[in-house]
Structures are given as structure tokens and as C-alpha cells.
Amino acid sequence: MEELILQLKEQLISELNLEEITPEEIDTEAPLFGDEGLGLDSIDALEIILILERNYGIKIENPAEGKEIFYSVGTLARYIDANRK
Amino acid sequence: MASRTTARIVSDNIISALGFTTAENMAAMHQYKSGIALHKRDDIASTPIQAALIDRDKLATKARERELSNYSLLEQLFILSIADTLAQAGMEHPAAHTALILSTTKGNVDALAHTADVPSEAFLSYTAQRVAAYWGIDAQDTVVVSNACISGVSALVIASRLIGDGSYDNIIVAGGDVLSPFITSGFLSFKSISTQPCRPYDALRDGLNLGEACGSVLLSGNGNESDIAITGGAITNDANHISGPSRTGDGLYYAIRNAMNEAGVSVEDVTFVNAHGTATAYNDEMESKAIHWAQLQEKPVNSMKSYFGHTLGASGVIESIVCAHALQENFIPGTLNYSECGVPCPLVVSDRHIEGATSRVCVKTASGFGGCNAALILQKGSVHPQPTTLPATTECVSVVEIDNATLKVDNNIGYEATDEDKSFATFIRGAYKSLDGKNQKFYKMSDLCKLGYVAAEALLQNCINFAPEEVGIILSNRSASLDTDRKHQDIISSDGESCAAPAVFVYTLPNVVAGEIAIRHKIQGENTFFIQEEYDAAWMENYARKVMAHDNLKYCIVGRCELLKENYHAEFKLIKTI
């Protein structure tokens with residue numbers, strides 16, 4: 001799981017162009033969206049859907065259903081771990 | 001004071017999935033026909049898609065009759081549409097000194113698919129010049145408006161102003177876009193396309209359908225009172241998000257309010273509202289709020305997207321034409337596929353037409369990426385004469401120039417790249433940091449946006465105080481967003497259409513630069529992005545002064561923002577009304 005969390009953080013940093021942020025600086029359980037945490041927005045959410053599809057074979061058709069899954073790196077990692085092919 | 005010349009729609013044409021003339025399109029709408037159907041065509045999308053496509057065989061026949069084989073599909077459409085508009089006015093050629101305003105979001109972007117380069121055919125001004133030359137219209141009298149999905153309404157607003165102040169007696173406004181994998185893959189990546197025919201404002205709506213169309217109108221200052229008049233128009237920005245509509249509807253409300261004020265029409269005068277109505281969850285929700293703010297919630301509201309699909313740069317033009325004819329016919333079109341209200345602020349929407357209403361005024365709106373909104377007032381019969389507004393008298397507050405790895409503020413060097421690395425990426429990052437820039441979103445922007453964003457940051461760094469609605473942004477360039485367009489095309493060409501990246505696609509519209517600046521500095525006044533072959537500073541500043549007088553703006557950012565690969569040049573001026 002730790003390995004998956006680190007890998008996810010690295011993917012988010014490179015795919016979402018997060019400038020000057022290291023994986024260590026991302027709090028695994030902090031919210032990804034909104035003004036707290038990483039401050040990601042709806043376009044980032046669509047990009048995360050692509051990360052899940054490409055790297056883990058997980059398809060999320062409706063961005064609305066991703067709300068709880070996308071809450072934090074931790075929720076994402078646990079979802080991937082349970083659903084990956 | 002002299003009164004403003006009233007711009008009237010003398011004649012028009014619509015080419016869409018529903019037909020090749022306005023009459024054919026109106027007849028189809030009366031019969032509740034939709035142009036949307038399931039298509040399996042590789043030249044449109046790699047997967048089956050619900051879309052409203054123009055009959056290509058019929059187009060080819062018409063193009064052959066006019067000997068247009070040397071023109072691209074979109075150029076043929078523009079030429080054929082204008083030919084019919086002129087014919088409807090009993091003309092074979094435009095009158096002398098007629099201007100041409102072209103509205104398109106992606107032009108001939110398909111040209112990128114056949115090469116690794118950026119060929120001249122892909123430039124919007126190239127298309128405009130070819131169409132203008134065909135009709136003998138001077139290059140000086142031709143301009144392109146590329147303001148995302150509000151382009152068509154923007155172009156009509158701009159044209160009515162240029163007729164209003166006597167700059168031109170006659171202007172042809174033509175809007176067109178055709179579909180290709182470039183566009184469909186981008187919208188699919190946004191998950192905004194429905195797998196079914198779209199249902200604007202409905203509880204079960206789940207996305208839009210794309211469509212292709214081309215429409216044109218001949219606007220004249222010498223029209224008859226029996227012609228529909230454009231009596232007001234306004235363009236605003238949400239200053240909220242580049243792809244998501246405002247959550248409050250404030251920007252669209254301001255546009256409706258300003259346009260109605262200009263026209264001198266009250267809520268009681270309005271017969272119906274034709275909104276953008278794309279049938280995405282957030283767009284329709286936002287519109288319902290704005291319509292309530294404008295107190296128009298008792299008036300019939302309709303969307304034409306379930307007939308034509310979302311026809312992008314054509315939508316504002318063709319939908320305004322339908323509105324004009326609907327006013328003439330005392331007809332209020334119903335919204336196809338609507339059944340149950342699904343917007344938070346209830347609207348008067350019906351899937352049935354209303355015939356025989358005494359029609360006077362239509363409010364036409366559009367909203368688009370980059371946070372832009374536009375509203376237009378179409379009016380039947382006599383109109384109250386309005387005073388002309390003279391261009392504002394202005395002074396230049398500051399000038400910023402970015403060129404050749406150097407940022408200059410009022411001719412003084414503000415930041416220079418080091419000799420070791422003069423690449424744009426390194427330079428612009430250094431320039432942003434030199435201005436204390438801390439917005440993480442900066443690093444996600446396209447290069448064109450970074451350029452404009454840094455120029456605006458330098459221009460406004462001295463903390464000028466203004467209210468959101470007191471500032472406008474009027475920009476122009478030659479290559480639109482072709483730098484990002486190339487990137488998007490490369491992704492879908494090499495990795496497949498399903499790999500289109502929303503974070504890239506959202507920047508395939510040049511006006512998103514103005515959107516990013518508007519969000520950063522909370523600017524909600526007029527924002528327009530023109531495409532010009534050569535940057536015409538005098539024309540741009542003169543236009544900005546007209547807008548400033550018109551909209552009572554205190555400040556306006558006016559300039560060029562040009563970037564294609566490592567060639568870039570930004571020149572922004574902040575001008576102030578005195």
C-alpha cells in the first residue's frame with residue numbers, strides 16, 4: 001500500500017503539473033480538492049480519471065461518482081487496491 | 001446628440017443538419033425535427049456519436065456548382081452561406097465597403113491532422129481572408145472573433161456596435177464550425193457528451209451533442225422597420241473558472257442586464273429568452289440562476305441545442321437567426337426532448353411550440369469556456385432612438401512588453417532570461433517568480449496563457465483599485481491557440497482519440513487567456529479575443545475605447561498575445577478613461 005501511495009503521489013505531481021511539490025509534502029489523508037490541501041479543480045478530476053484508466057485499468061464514467069474516491073490520496077489508493085485489474 | 005444607427009438583419013442563411021436555407025431550417029423546427037442522429041464515421045469520431053452533421057453529399061454538389069473545389073469544407077460553407085444571404089437580399093455581391101466578421105472556434109483545425117507542422121490553412125485569419133477575397137471584401141475590413149462558444153453572439157454584438165456608430169453601413173456576420181476528431185475527442189475527454197439526444201433544462205439531462213453548422217446575416221444601418229433590429233448587446237466574464245460555469249450565474253446576469261439597459265427594454269417587453277441551453281448539468285443550472293436574477297423567470301425560455309446540437313462558433317449566429325424569424329412569425333420554438341424541469345431555479349420551458357403570440361423582443365444569450373457570457377437583444381418593429389456614444393477619452397497607465405526572453409514594464413527591463421537558458425519555459429517561469437507569483441495553477445496553463453498571465457500580472461502589479469465590472473480585456477493575435485491545438489492533435493494522433501487530455505484541450509481556445517486573467521484579477525467586464533493577420537494596434541485601441549464608453553469601463557487591458565512554439569510577443573496596455 002505504501003508503495004502504491006508513493007507511486008500515486010508521483011503520478012499526480014507529474015500529470016497535474018504540480019510545481020515544486022514533493023511526494024513527502026502531500027498529506028495522504030488531506031483533501032485533494034477545494035481551497036485546502038492541493039486545491040485541485042474539475043479539470044484535474046478529469047485528468048485523475050485518465051490516470052486511473054491508463055495505469056490501473058479502472059474506468060470511472062461519471063465524475064460525480066468519483067467524489068468520495070477522489071477525496072484524498074489515501075481514498076484513491078484504497079479504491080485502486082480494491083478494484084485494480 | 002446624434003442618435004445611434006439601428007443595425008437590422010436584412011437577410012440571412014442557415015446551413016445545418018436541418019437544411020441549406022433558413023426557410024428549410026425553420027420548416028424543420030416547426031415540424032419538431034431534430035438534426036441529431038447516431039453517426040459512425042471515422043472522420044468525425046472513432047466511436048459512434050450522437051451529433052448533428054451537415055449533408056456532405058449535398059454540400060459537395062453545391063460547392064461544385066459554384067466551382068469551390070479549391071476551398072476547404074468550412075470555407076465552402078462560409079461562401080455558400082453568404083451567397084444565399086446576399087441572394088435573399090436581392091444581391092449578387094456585397095455592397096462596397098461591406099465588412100466581414102467571422103465567428104469560429106476551430107476553423108480549419110483539421111489541417112493539423114495531415115502534417116506534423118502548423119500549415120497556413122490552419123490559421124483562422126487565412127480562412128477569413130480566403131472568404132473575404134472570394135466576395136471582394138477588403139482584408140482591412142475583415143476580422144475574426146474567437147471567443148469560444150459565445151463567438152457568434154459576440155460577433156453580432158460587435159457588428160451592431162460598428163453599425164451603430166457609423167463605422168460601417170453593412171456588415172456580413174458569418175459563424176461556422178465543422179466537426180472532426182480534434183473537437184469530438186476533446187469534448188469526450190470532458191465527459192460532457194450525452195450518448196442520447198440532448199435534453200436541455202430537463203431533469204434527465206446528462207450532456208450535450210455536438211453539431212456542425214454555418215450561418216450568416218447581412219446587418220445594415222439602412223434596413224427597413226420590418227427587419228429585426230439588434231438594439232442591445234453585452235459581453236461579460238464570470239471570473240470563476242476556465243471550463244466550469246459560474247455557480248451563481250452572476251456573469252450571465254450582468255450581460256443580460258447590460259444588454260437590456262442598452263436596448264431600453266424592460267422585463268415586460270420581453271417575449272422569450274433563447275439561452276445557450278447545452279444540456280450539461282452545470283450550464284443549464286447556471287442559466288436558470290441568471291434568468292431569475294434578471295427577473296425573466298416568468299417568460300418562455302428555450303434552447304435550440306436539441307435541434308442543431310451545439311454548433312460552437314456557429315451557434316450564436318444560427319440561433320439568433322432563428323430567433324429573428326421566430327419574432328417575425330409570432331412563433332416561440334419549444335425545446336425538443338424537454339419533459340420535466342431539472343434546474344434549481346424553475347424556468348418556463350416546454351417541448352411544445354407557442355404559435356400566435358404577439359412577439360416583440362427576444363433575449364439571446366450564450367456562455368462559454370474562459371468564463372465568457374454574451375447577451376443580445378433582438379427587437380421587432382420601431383425602436384426608440386438611442387444616443388450615440390463617442391469613444392472614451394483615455395490615457396495610458398502602463399505598458400508591458402514580453403519579447404525575446406525579456407519582460408519590459410514601461411520600457412524598463414523588469415526581468416531577463418539568463419544567457420544559459422533562453423527557452424520560453426524557463427524564461428516565463430522566472431518572469432512569473434520575479435513578480436512574486438504564487439498561483440499553483442500558473443504551472444498548469446498553456447504557454448499562450450502563461451504569456452498573457454505574466455503580462456497582466458506585470459501590468460496590474462501596482463494594485464490598481466477597481467470593481468470587477470469596471471475593467472475590460474480586449475486581446476488579439478494571429479495564431480489563436482494553434483500552439484496548444486498542435487499538442488492536442490499530436491496526443492490523439494499518436495495515442496488515440498480516447499487519450500485526449502482535458503487539461504490540454506481546455507486551452508485550445510485563445511480567449512481562455514482572458515479567462516485566466518479575469519479569474520486572477522477578478523475582472524468581469526467585456527472580454528473579446530480577435531484574430532488578425534497583422535496586429536493593428538490603432539484599430540484595437542479604438543475598439544477598446546468604444547467598449548469603454550459603451551460599458552462605462554474605468555480601465556481596459558488591450559493588446560496582443562501571440563505565441564507559436566518559441567516565437568512569442570505580448571504587448572499589453574492598460575488604458576484608463578479620463
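## Concerning the overall build of chain A
Here comes step 1: Summing up its helical and strand segments, chain A has 4 helices and 0 strands in all.
Here comes step 2: What you see in chain A, going N to C, is helices and strands ordered as α-α-α-α.
Here comes step 3: Relative to the 2.2 N^0.38 estimate, which gives 12 Å for 85 residues, the radius of gyration of chain A is 12 Å and therefore close to what a compact globule would have.
Here comes step 4: Dimensions of chain A, computed from the C-alpha atoms along their principal axes, are close to 30 × 25 × 20 Å.
Here comes step 5: When burial is assessed residue by residue, chain A has 26% of its 85 residues classed as buried.
Here comes step 6: Contacts in chain A between residues far apart in sequence, at least 24 positions, make up 55% of those at least 6 positions apart.

## Side note on the confidence of the model for chain B
Here comes step 1: On average, residues of chain B score 96 in pLDDT, and 100% of them reach the 70 mark or higher.
Here comes step 2: Taken together, the chains of this predicted complex give a pTM of 0.96 and an interface ipTM of 0.85.

## Some points on the interface of chain B and chain A
Here comes step 1: At the interface, 13 residues of chain B touch 12 residues of chain A.
Here comes step 2: Broken down by class, the residue content of the side of chain B that touches chain A amounts to 6 nonpolar, 5 polar and 2 charged.

## Quick look at the pairing of strand 10 (residues 270–274) of chain B
All names here are of chain B.
Here comes step 1: In terms of burial, strand 10 is largely enclosed, as 5 of its 5 residues are buried.
Here comes step 2: Alignment of strand 10 against strand 14 (residues 361–368), held across 4 bridges, turns out to be parallel. Across the sheet, the residue bridging to N274 is K364, located in strand 14.
Here comes step 3: The pairing of strand 10 with strand 11 (residues 301–302) spans 2 bridges and is parallel.

## Some details on the packing of helix 1 (residues 2–15) of chain A against helix 4 (residues 73–83) of chain A
Residues and elements named next belong to chain A.
Here comes step 1: Remark: helix 1 packs on helix 4, axes separated minimally by 10 Å, with the N-to-C direction vectors making an angle of 120°. Judged by the twist between their axes, the crossing of helix 1 over helix 4 is right-handed. Where helix 1 abuts helix 4, its residues L4, I5, L8 and K9 lie against V73, L76, A77, I80 and D81.
Here comes step 2: Among the residues forming the contact of helix 1 with helix 4, the class breakdown is 7 nonpolar, no polar and 2 charged.

## Comments concerning helix 1 (residues 22–30) of chain B
Residue and element names in this part refer to chain B.
Here comes step 1: Three or more residues of helix 1 are buried, namely T22, N25, M26 and M29. Buried positions in helix 1, seen along its axis, are confined to an arc of 95° and lie on one side of it.
Here comes step 2: On the buried face of helix 1, the contacting elements are strand 1 (7–15), helix 9 (305–308) and helix 10 (315–328).
Here comes step 3: Y32, located one to two residues past helix 1, shows a positive phi value of around 60°.

## Overview of the nonpolar core
Here comes step 1: By size, the foremost hydrophobic cluster in this structure holds 222 residues, and its most contacted members are I101, A159, V173, A374, A455 and C556 of chain B.
Here comes step 2: Looking at which domains feed residues into this core, each of domain 1 (7–379) and domain 2 (394–577) of chain B supplies at least three.

## With respect to the confidence of the model for chain A
Here comes step 1: Here chain A shows a mean pLDDT of 88. Residues at 70 or above account for 96%.
Here comes step 2: Mean pLDDT across the secondary structure elements of chain A bottoms out at helix 3 (residues 66–69) of chain A, with 83, and peaks at helix 1 of chain A, with 93.

## Some words on the domain arrangement of chain B
All names here are of chain B.
Here comes step 1: Domain assignment breaks chain B into domain 1 (7–379) and domain 2 (394–577).
Here comes step 2: Where the side of domain 1 that touches domain 2 is concerned, the elements lending two or more residues are helix 4 (124–134), strand 5 (142–145), helix 5 (151–164), helix 6 (181–189), strand 9 (228–237) and helix 7 (250–263).
Here comes step 3: For the side of domain 1 that touches domain 2, the residue count by class is 23 nonpolar, 18 polar and 2 charged.

## Observations concerning the pairing of strand 5 of chain B
Here comes step 1: By the alternation rule, side chains of strand 5 of chain B split into T142 and V144 of chain B and V143 and V145 of chain B, which are all buried.
Here comes step 2: Between strand 4 (residues 99–103) of chain B and its parallel partner strand 5 of chain B, the chain crosses via helix 4 of chain B, and the hand of that crossover is right-handed.

## A closer look at the sheet that holds strand 2 (residues 36–39) of chain B
Residue and element names in this part refer to chain B.
Here comes step 1: The strand order across the open sheet formed by 3 strands is 2-3-7, and the pairing between neighbours is mixed. The open sheet has two edge strands with one neighbour each: strand 2 and strand 7 (210–211).
Here comes step 2: Of the strand pairs in this sheet, strand 3 (residues 49–52) and strand 7 are connected by 2 bridges, and their pairing is parallel. Within strand 7, the position partnered with A51 by the bridge is L210.

About the criteria used
Residues numbered from 1 in each chain as written. Chains lettered and ligands numbered in written order. Predicted model: local features only at pLDDT ≥ 70, side-chain atom pairs only at ≥ 80, totals over all residues. Helix = DSSP H or I, 4+ residues; strand = E, 2+ residues; numbered from the N terminus. Rg over C-alpha atoms; globule rule 2.2 N^0.38 Å. Buried ≥ 20, exposed ≤ 12 C-beta atoms within 10 Å, placed from the backbone. Contact = placed C-beta atoms within 7 Å. pLDDT = per-residue confidence, 0-100. Nonpolar A, V, L, I, M, F, W, Y, C, P; charged D, E, K, R; others polar. Pairing = 2+ DSSP bridges. Axes fitted to C-alpha atoms, helices over the stretch in contact; angles between N-to-C directions. Left-handed = near helix turned anticlockwise from the far one by under 90°. Arc of directions from axis to C-beta. Core = buried A, V, L, I, M, F, W, Y, C linked by C-beta atoms within 7 Å. Domains from an automatic or database assignment. Right-handed = clockwise from strand over helix to strand, strands pointing away.

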